[in-house]
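An overview of the molecular structure
These are the residues of each chain, in order.
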Amino acid sequence: MNREVIDGIVGSSEAQGEWERRAWAIGVEVAGPNSDDVDRAARYPREAVDAMREARLLSAILPEDLGGGGASCADLVGAVRALATHCASSALVLAMHSIEAFNLARHGTSPQLREFTREVASKQLLLANANSEVGVGGDVGRSICALVTDSEPWTLEKQALAISYGEWADAVLTMARRSPEAAETDQVYVVIRKSDVTLEPLSDWDTLGLRGTCSRGYLLKAKVDPGLVFPTPFATIANDGAGQVRQLLLSAVWVGIAEGALLKAHSFVRAAARRAIGTVPPGARRVSEMAGQIQAGRSLLVTSALRLSTLLDTGDLENQGFTIALRNLKVTTSTLGVNIAKEALEVCGIMGYKRDTPYSLDRIIRDAHGGLIMVSNDRYLHDNAQLLLISKRL
Ligand SMILES: Cc1cc2nc3c(=O)[nH]c(=O)nc-3n(C[C@H](O)[C@H](O)[C@H](O)COP(=O)(O)OP(=O)(O)OC[C@H]3O[C@@H](n4cnc5c(N)ncnc54)[C@H](O)[C@@H]3O)c2cc1C
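Residues numbered from 1 in each chain as written. Predicted model: local features only at pLDDT ≥ 70, side-chain atom pairs only at ≥ 80, totals over all residues. Heavy atoms only, no water.

1. Section: helix H9 (residues 320-348)
What sets the pattern is the α-helix's 3.6 residues per turn: residues three or four places apart point alike. Heads up, the rule is: Put simply, DSSP H or I for four residues or longer makes a helix, DSSP E for two residues or longer makes a strand, and each gets a number counted from the N terminus. Take the residue count of a helix, subtract one, and multiply by 1.5 Å to get its expected span. Any N or O atom pair separated by 3.5 Å or less is treated as a polar contact, with the protein-specific requirement of one donor-capable and one acceptor-capable atom, and with residues adjacent in sequence counted only for side-chain atom pairs.
Relative to the 42 Å expected for 29 residues at 1.5 Å per residue, H9 spans 42 Å between its end C-alpha atoms, a close match to the ideal helical length. For H9, the capping residue at the N-terminal end is Asn 319, with a side-chain oxygen 3.1 Å from the backbone nitrogen of Gly 321. Backbone geometry just after H9 places Gly 349 at a positive phi near 60 degrees.

Structure below.
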């Protein structure tokens, strides 16, 4: 295990490794300074995404032979976590885009998809997903919509529950039933370029938190290029990497939010200590407890990333124990985000409660709650309960 990974587990909020350092710099210089405005206006974090393009973060996870940065999942976990410390919405854009880039690299093996993947790297294209659907919610194993292939061009219409940054994306990836006659679980995965899709808003995005993701619901109407349909069924894509990487990268956002809250509490008690040299401010003990909880969250994140890397290499991803562990990772880290944000508020007191102080926890507390429902922790706990009932071992 290399030094950066070990430091990433136990270290404080500092950047380790090339990709994490690039993301941390964007967080400090661009995403953080714009985060309150992005939140207030519920606007797309344009400056942060432009900076990600500049730093080639949008192709970090693609292999070098496709023009990418050759970063590992653990590298991306570090980058997403670092950005989330400063702006959770920007970090979610990087996480959701990178999940789709990963899917292209692992399963987009047809010549036209390979060509498209190279274009993602060379032009730093931004990828969105329209996976959840009105009527099935977050249960991505089923689709109501279907690909229509009996006339040219192939078409698809979907009532998407939410498409984050859909209006700014260069392409949307989505799943649908293979044909109108196909079973709800017989799904294909397709890439739709911006020029082939119209998005008619079905709902607004005026939310409690994570307001910069701009995740409106849309009626998606698309022409589908047969060459941009993945050769692998969606069920295989979901079980062989997509689902696992999704859990990992979104969990990195929830840990990053917790670290952002801890940073505020930490600077608050340090400022208090400077004002009364030789005393330990009342909140300092609480900060040391919070640091321990964050260390546990980071350890879980990094060890999950390492375990995923091994399973990706051995092709042993359809592994019940790992599925349970990743759902637990998501539930644990999203709960950590909410708990640490609340603890930080108690440390900073009224200075954290106000919206116009450097210690304000307003946006962080609201963003942290998004983790609980993206996807619902209850859904994951219920799914794990079912698996554990039929499992002889824990
Ligand atoms: C910030 C944000 C960005 C998003 N971006 C995107 C995006 O870009 N693309 C996209 O496709 N989707 C996106 N989504 C939608 C998201 O992925 C989920 O589909 C959505 O949050 C609803 O999923 P769900 O399973 O939690 O809820 P639903 O399936 O709608 O269920 C509603 C509620 O029912 C309960 N419930 C459901 N199933 C169970 C169960 N089995 N056991 C116990 N309780 C249950 C839970 O309380 C749950 O909250 C986004 C959501 C958020 C919050």
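2. Concerning the side chain of Asp 367
As a reminder, the rule being used: For every residue, the accessible area obtained with a 1.4 Å probe (protein chains only) is divided by the maximum for its type, and the residue is called buried under 20%, exposed over 50%, and partly exposed between those limits. When checking whether two residues touch, look at their non-hydrogen atoms; a contact exists if any pair is within 4.5 Å.
Examined against the element boundaries, Asp 367 turns out to sit in helix H11 (residues 362-373). Residue classification places Asp 367 among the buried residues on the basis of a relative accessible area of 4%. Excluding its chain neighbours within four sequence positions, the residues that come into contact with Asp 367 are Ala 88, Gly 209, Leu 210, Arg 211 and Ile 257.

3. Let's talk about the environment of Ala 385
Inspection of the secondary structure puts Ala 385 in helix H12 (residues 377-390). On the basis of relative accessible area, Ala 385 is assigned to the partly exposed category, the value being 38%. Remark: the alpha-carbon pair of Ala 385 and Ile 324, spanning 61 residues in sequence, is separated by 9.2 Å.

4. A look at the sheet that holds strand E5 (residues 187-193)
Stated precisely, the cut-off is as follows: Paired strands, in this sense, are two strands between which DSSP finds at least two bridges. In this analysis, axes come from line fits to C-alpha atoms, helices being fitted only over the stretch in contact, and the angle between any two N-to-C directions falls in the range 0 to 180 degrees.
Ordered by their spatial adjacency, three strands build an open sheet running E1-E4-E5, and the pairing between neighbours is mixed. Two strands lie at the open edges of the sheet, namely strand E1 (127-130) and E5, each paired on one side alone. For this sheet, the mean inter-axis angle between neighbouring strands, taken without regard to orientation, is 25 degrees. In this structure, strand E4 (residues 171-177) lies alongside E5, joined through seven bridges in antiparallel fashion. Each residue of the ladder has a partner; that of Ala 176, found in E5, is Val 188.

5. Describing the domain arrangement of the protein
Threshold: For every domain, the bounds stem from an assignment made automatically or drawn from a database. Once two parts are brought into contact, the accessible area they lose, counted with a 1.4 Å probe and summed over both, makes up the buried area. Salt bridge, as applied in this entry: a Lys or Arg side-chain nitrogen positioned within 4 Å of an Asp or Glu carboxyl oxygen.
When the domains of the protein are assigned, the result is domain 1 (3-125), domain 2 (128-228) and domain 3 (234-390). Computed from C-alpha atoms alone, the centre-to-centre distance between domain 1 and domain 2 is 23 Å. Facing the 25 residues of domain 1 at the interface are 21 residues of domain 2. Here domain 1 and domain 2 share an interface that buries about 1,900 Å² over both sides, 61% of which is from carbon and sulfur atoms. Counting the surface domain 1 buries against domain 2, the share from its top three residues, Tyr 44, Glu 100 and Phe 116, is 29%. Across the contact surface, domain 1 and domain 2 share three salt bridges. Between Arg 53 and Asp 170 there is a salt bridge, with its nearest N and O atoms 3.2 Å apart.

6. Brief notes about the layout of surface pockets
Keep this limit in mind: Only protein atoms enter the calculation, which uses a 1 Å grid: trapped sets of points that fit a 1.4 Å probe without letting it out are cavities, open sets showing protein on both sides within 12 Å along at least five of seven lines are pockets, and any residue with an atom within 4 Å of a point is a lining residue. Grid points are joined across faces, edges and corners, and a volume is the space filled by probe spheres set on the points. Gly falls in the polar group here, along with every residue not listed as nonpolar (Ala, Val, Leu, Ile, Met, Phe, Trp, Tyr, Cys, Pro) or charged (Asp, Glu, Lys, Arg).
In this model, the second largest pocket occupies a volume close to 480 Å³. Lining of the second largest pocket is provided by 28 residues; of these, Ser 35, Asp 36, Lys 264, Ser 360 and Arg 363 occupy positions nearest its centre. It is helix H2 (residues 18-41) that contributes the most residues to the lining of the second largest pocket, eight residues altogether. Classifying every residue of the lining of the second largest pocket gives 11 nonpolar, nine polar and eight charged. Both of domain 1 (3-125) and domain 3 (234-390) provide at least three residues apiece to the lining of the second largest pocket.

7. A few points about helix H8 (residues 284-314)
Look at H8: 45 Å from first C-alpha to last across 31 residues, which is about the 45 Å you get at 1.5 Å a residue. Burial in H8 covers these residues: Val 287, Met 290, Ile 294, Gly 297, Arg 298, Leu 301, Val 302, Ser 304, Ala 305, Leu 308, Leu 311 and Leu 312. Where H8 terminates, the next one or two residues include Gly 315, which has phi positive at roughly 70 degrees.

8. Brief notes about the packing of helix H5 (residues 88-107) against helix H7 (residues 234-275)
Helix-helix packing: each pair is described by the crossing angle between the helix axes and the interaxial distance. Put simply, the rule reads: Oblique is the label for every angle not falling under 35 degrees (roughly parallel), over 145 degrees (roughly antiparallel), or within 65 to 115 degrees (roughly perpendicular). Helix crossings fall into two classes, left-handed where the near helix is turned counterclockwise from the far one by less than a right angle and right-handed where it is turned clockwise.
Running from N to C, H5 and H7 point in directions that differ by 160 degrees, and their axes come no closer than 9 Å. One way to sum up the angle between H5 and H7 is to call them roughly antiparallel. Viewed along their axes, H5 and H7 form a crossing whose handedness is right-handed. Across from Ala 88, Ala 91, Leu 92, Ala 95, Met 96, Ser 98, Ile 99, Phe 102, Asn 103, Arg 106 and His 107 in H5, the residues of H7 making contact are Thr 236, Ile 237, Asp 240, Gly 241, Ala 242, Val 245, Arg 246, Leu 249, Leu 250, Val 253, Trp 254 and Ile 257.

9. Regarding the site of the ligand
Our working definition: Only heavy atoms are used to decide nearness, and a residue is near a molecule or strand if one of them lies within 4 Å of it. Reported accessibility uses the Shrake-Rupley method at a 1.4 Å probe radius. Residues are deemed covered only where the shown protein chains occlude them.
Among the 23 residues in the neighbourhood of the ligand, the closest are listed as Asn 131, Ser 132, Ser 164, Ser 376 and Arg 379. Ile 373 places a main-chain nitrogen or oxygen 2.8 Å from an oxygen atom of the ligand. In isolation the ligand exposes 950 Å². Once the protein is present, 73% of that is buried. When residues of the shell around the ligand are traced back to their parent elements, those giving at least two are E1 and H12. The biggest single contributor to the shell around the ligand is H12, with three residues.

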